[in-house]
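# Examination of the molecular architecture
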Amino acid sequence: MKTQVGIVGAGPAGALLSELLWQAGIENVVLERQSRGYVLERIRAGVLESGTIEILRNAGLGARLNANGHVHETINIAWRAEELLSIDTADRVDRVMMAYGQTAIQEDLYRALDARDRPPRFDADDVELHDVASDRPWISYTHNGIDERLDCDFIAGCDGFHGVTRHAIPGNVRTEFEKVYPFGWLGIMSETKPLPILLYANHQKGFALCSMRSPMLSRYYVQCSLEDTIDDWSDDRFWDELLSRIPSDQAAKIQTGPSIEKSIAPLRSYVAEPMQHGRLFLAGDAAHIVPPTGAKGLNLAVSDVHYLSKGLIDHYTSAGDDYLAGYSKRALTRVWSAVRFSWWLTSLLHRFPDQTPFDQRTQEQELIYLSSSRAAQTALCEQYVGLPL
Ligand code: RFL
Ligand code: PHB
């Protein structure tokens, strides 16, 4: 097979890139290792920046988002057990976030690609990239046990953190930056009425977060040890911990019930530079990971794709290659802002196993400062709601 852009991975980055390129008349093929059902079942992100909402709406993907997304006008931080700081983002930066699940975005994208009769090629195994530094890069893979070859003008590596495309950038060209945090997040989904607000908690027993997916679907997280497994966490233990980590008036509003999903995610910051090499371009988690505290991962995948699609469209419309040549530099500027912000918010809200009394006091002082300074709150909102594209 021959195409203009070969895309590896049909997560939000790969599927959105495919749709944006088709809209510009650029042929592409998406190769996805997993089945369609597996990708659609994966429960991940839930909060969209204002810029992400705009990109999705401009791409004609706004109908369900507008109908079902829940607007969050505040960020709420509980600390010292009973204190709740509520920051009005609409007032501070005139923009808002929205609760709309990654699963729903993934469904919207697959529906759009199906309508074009261009769905991703699922169950593609053993993807390998070849000659990425040449003018004729190609991809080998197997499908239903048959070896296949895809010749491309360009390759987009959208295959997430555990993908293969990043490794096609030679070791002497690639630099990696990494920070692993000494705890994880235990997350549950439950078919109960969620709190209407997004609530982050810094508590002596550890971090907690109350979020939502829809009017009858709640998403909650508590900080847990990296040694824990989900078998250590019965639903009863989870609810006890969650309710004890947030202010009692909020805890009283939480409806508990059986979990329908439960998983543990380790927390990590990671960046691979550069995000392009020859005719290979990386986007999303394939190039960078942030801890979920700032709700930035999916939003970064979308902003990378926004930049990359524009570069590729410029190339094919003879507008020149300058924008494409500057992709890595442009994307990395935004990536590092999000990496720094996610690290900062993670440091502010979690209990670290080796936290000294000094660390404890400086963390608390930062929360006192944030509570009392409009400037500090505006800085938080500006980054949380998303820096401009
Ligand atoms: P994905 O979603 O991992 O998709 C990559 C796709 O590539 C496929 N793949 C391959 N395909 C072919 N050949 C190979 N060799 C392949 N290897 C892998 C995979 O099967 C997959 O389908 O990456 P993408 O598209 O870059 O999207 C990134 C986001 O998924 C991720 O950043 C977010 O989910 C992170 N995240 C959050 N981000 C937010 O913006 N807001 C949030 O509120 C938020 N909450 C979260 C999160 C991530 C979490 N976890 C589980 C890590 C909450 C959690 C708990
Ligand atoms: C979520 O709803 O899954 C979520 C919300 C906010 C975060 C991370 C995850 O910071």
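See above for the structure.
Residues numbered from 1 in each chain as written. Chains lettered and ligands numbered in written order. Predicted model: local features only at pLDDT ≥ 70, side-chain atom pairs only at ≥ 80, totals over all residues. Heavy atoms only, no water.

## Description of the pairing of strand E15 (residues 217–224)
Taken across its 8 residues, E15 has 7 buried, putting it largely inside the fold. Pairing between strand E12 (residues 175–190) and E15: 7 bridges, direction antiparallel. Of the residues in E15, the one forming a bridge with methionine 189 is arginine 219. Here 6 bridges tie strand E14 (residues 208–214) to E15, and the two strands are oriented antiparallel to one another. Counted as the bridge partner of alanine 208 is valine 222 from E15. As consecutive antiparallel partners, E14 and E15 are separated by 2 residues. (Buried < 20%, exposed > 50% of the residue type's maximum accessible area, 1.4 Å probe, protein only. Helix = DSSP H or I, 4+ residues; strand = E, 2+ residues; numbered from the N terminus. Pairing = 2+ DSSP bridges.)

## As for the site of ligand 1
With respect to spatial proximity, 32 residues lie near ligand 1, and among them Glu32, Arg42, Gln102, Asp285 and Leu298 are the closest. With respect to ligand 1, the backbone of alanine 13 contributes an N or O atom lying 2.9 Å from an oxygen atom. Between ligand 1 and glycine 46 there is a distance of 3.1 Å, counted from an oxygen atom to a backbone nitrogen or oxygen. In the complex, the protein chains occlude 88% of the 1000 Å² of accessible area that ligand 1 would expose alone. When contributions to the shell around ligand 1 are tallied by element, the ones reaching two or more residues are helix H1 (12–23) and helix H9 (297–316). Among the residues making up the shell around ligand 1, the classes are represented as 15 nonpolar, 10 polar and 7 charged. (Near = heavy atom within 4 Å. Polar contact = N/O pair within 3.5 Å; in protein donor to acceptor, adjacent residues only side chain to side chain. Areas by Shrake-Rupley, 256 points an atom, 1.4 Å probe, with all protein chains shown as cover. Nonpolar A, V, L, I, M, F, W, Y, C, P; charged D, E, K, R; others polar.)

## What about the packing of aromatic side chains?
Counting across every chain of the model gives 16 aromatic pairs. Plain terms: the ring middles of tryptophan 185 and phenylalanine 207 are 4.9 Å apart, the flat faces sit at 15° to each other, and that makes the pair stacked. Taken together, the residues span a long stretch of sequence, with tryptophan 185 in strand E12 and phenylalanine 207 in the loop between strand E13 (199–201) and E14 at a distance of 22 residues. Residue placement shows arginine 237 over the ring face of tryptophan 233; its charged tip is 3.7 Å from the ring centre. (Phe/Tyr/Trp six-rings, centres within 6.5 Å; stacked < 30°, edge-to-face > 60°. Lys NZ or Arg CZ within 6 Å of the ring centre and 35° of its normal.)

## Digging into the pairing of strand E11 (residues 154–157)
The side chains of a regular strand alternate between the sheet's two faces. With burial as the criterion, each face of E11 is covered, one bearing Phe154 and Ala156 and the other bearing Ile155 and Gly157. For strand E1 (residues 5–8) and E11, the ladder comprises 4 bridges, and the chain directions are parallel. Paired with glycine 6 across the bridge in E11 is isoleucine 155. In the sheet, E11 pairs with strand E18 (residues 280–282) via 3 bridges, with the strands oriented parallel. Residue pairing across strands places isoleucine 155 opposite leucine 280, the latter belonging to E18.

## Here we look at the site of ligand 2
By nearness alone, 13 residues border ligand 2, and Tyr200, Ser211, Arg213, Tyr221 and Pro292 come closest of all. Tyrosine 200 is positioned with one of its side-chain polar atoms (N or O) 2.7 Å from an oxygen atom of ligand 2. Proline 292 places a main-chain nitrogen or oxygen 2.8 Å from an oxygen atom of ligand 2. For ligand 2, the protein covers 97% of the area, taking 280 Å² as the surface of the free molecule. Broken down by secondary-structure element, the contributors of at least two residues to the shell around ligand 2 are E14 and E15. Looking at the shell around ligand 2, the element that brings in the most residues is E14, giving 3 residues. Its residues placed into classes, the shell around ligand 2 shows 7 nonpolar, 3 polar and 3 charged.

## Focus: the sheet that holds E12
The strand order across the open sheet formed by 8 strands is E6-E5-E13-E14-E15-E12-E16-E19, and the pairing between neighbours is mixed. The open sheet is flanked by strand E6 (83–88) and strand E19 (288–289), the only strands paired with a single partner. Seen against the sheet, helix H7 (residues 235–245) touches E12, E13, E14, E15 and strand E16 (259–273) and runs at an angle of roughly 80° to E15. This element, helix H12 (residues 357–372), spans strand E5 (74–79) and E6 of the sheet and lies at about 140° to E5. (Contact = heavy atoms within 4.5 Å. Axes fitted to C-alpha atoms, helices over the stretch in contact; angles between N-to-C directions.)

## Description of a negative patch on the surface
Negative charge collects at one region of the surface, where Asp123, Asp125, Asp126, Glu128 and Asp147 lie side by side. Considering every element that reaches the negative patch, the biggest residue donor is strand E8 (residues 124–130), with 3 residues. Structurally, aspartate 126 is set in strand E8. (Patch = residues over 30% accessible without salt bridge, like charges linked within 9 Å, V, L, I, M, F, W, Y side chains within 5 Å. Salt bridge = Lys/Arg side-chain N within 4 Å of Asp/Glu carboxyl O. Lys, Arg positive; Asp, Glu negative; His and termini not counted. Charge placed at Lys NZ, Arg CZ, Asp CG, Glu CD.)

## Here we look at the pattern of salt bridges
With the rule as written, the count across this model stands at 21 salt bridges. One salt bridge in this structure joins lysine 205 and glutamate 241, with 3.5 Å as the shortest N-O distance. Residue lysine 205 is located in the loop between E13 and E14, and its partner glutamate 241 is located in helix H7; the two are separated by 36 residues in the primary sequence. On the basis of relative accessible area, lysine 205 is assigned to the partly exposed category, the value being 41%. Residue glutamate 241 is classed as buried on the basis of its relative accessible area of 15%. Each of Glu49, Lys296 and Arg334 takes part in salt bridges that share partners, so that together they form one network.

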